[in-house]
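One-letter residues, chain by chain:
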Amino acid sequence: MVMVSERSRAQVSSELSESGEVLTIRVSGSFDFNMHREFLRAYQNLSPAPKLYCIDLSETLHLDSAALGMLLLLRDHCLDTAGDGQPCIELRNASEHVANILAVSNFDKIFKVR
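What counts, and at which threshold
- Starting afresh in each chain, residues are numbered from 1 along the sequence in its written order.
- Local features are withheld for residues below a pLDDT of 70 in this predicted model, meaning they are given only at 70 or higher, and side-chain atom pairs are given and counted only at 80 or more; totals for whole chains, interfaces and linings count all residues.
- Water and hydrogen atoms play no part in the side-chain values, which are based on all heavy atoms of the structure.
- For this analysis, a salt bridge means a side-chain nitrogen from Lys or Arg found within 4 Å of a carboxyl oxygen belonging to Asp or Glu.
- Throughout, exposure labels follow a simple rule: accessible area from a 1.4 Å probe, protein chains only, divided by the maximum for the residue type, with under 20% read as buried, over 50% as exposed, and the rest as partly exposed.
- Side-chain atoms within 4.5 Å are what join buried Ala, Val, Leu, Ile, Met, Phe, Trp, Tyr and Cys residues into a set we call a nonpolar core.
- Secondary structure follows DSSP: runs of H or I at least 4 residues long count as helices, runs of E at least 2 residues long count as strands, and numbering of each begins at the N terminus.
- In what follows, residue pairs with any heavy atoms lying within 4.5 Å of each other are defined as contacts.

Engineer: I'm lost on the pattern of salt bridges in this one. Help?
Structural biologist: Once the charged atoms of two side chains with opposite charge are near each other, the side chains can pair. A full pass over the atoms with the stated rule returns 7 salt bridges. Arg92 is paired through a salt bridge with Glu90; the nearest N and O atoms lie 2.6 Å apart. Judged by its relative accessible area of 30%, Arg92 falls in the partly exposed class. Note on Glu90: relative accessible area 5%, which makes it buried. In this structure, Asp108 engages Lys109 in a salt bridge whose closest nitrogen and oxygen atoms are separated by 4.0 Å. A relative accessible area of 36% places Asp108 in the partly exposed class. Relative accessible area serves as the criterion here: at 65%, Lys109 is assigned to the exposed category.

Engineer: Would you take a moment to explain the nonpolar core for this structure?
Structural biologist: General note: in soluble globular proteins, nonpolar side chains tend to be found buried as a group. Ranked by internal contacts, the top residues of the largest apolar core, which has 28 residues, are Ile25, Phe31, Phe39, Ile55, Leu71 and Leu102. When residues of this core are traced back to their parent elements, those giving at least two are strand E2 (22-31), helix H2 (36-43), strand E3 (52-56), helix H3 (65-81), strand E5 (88-92) and helix H4 (96-104). Looking at this core, the element that brings in the most residues is H3, giving 6 residues. Once residues lying within four places of it in the same chain are set aside, the contact partners of Phe31 are Phe39, Leu57, Thr60, His62, Leu63, Asp64, Ala67, Met70 and Leu71.

Structure follows, in structure tokens:
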């Protein structure tokens, strides 16, 4: 039996809607500093910037302070590239554990959590 560590399975994937208005970023595994580059690559260099950024946390097992910082960096990026309309960020499908971390950190006050 081959054991695969949780860290090696952690990944970020992204999908831009056909209209270019919605970017969905999926985070699988532990959302931590090891995902920093992948997470940045998922949303940087899109022109024009999407109007909605959906962060799908359905496969996120845990997130730490570095992940919270990355979400804040995404918010800053959105504010810098907003143009005429402010892009929206939604955190979706979080497990009870991940939703609790977001609530304790007051991220439910900063982002739309669905």
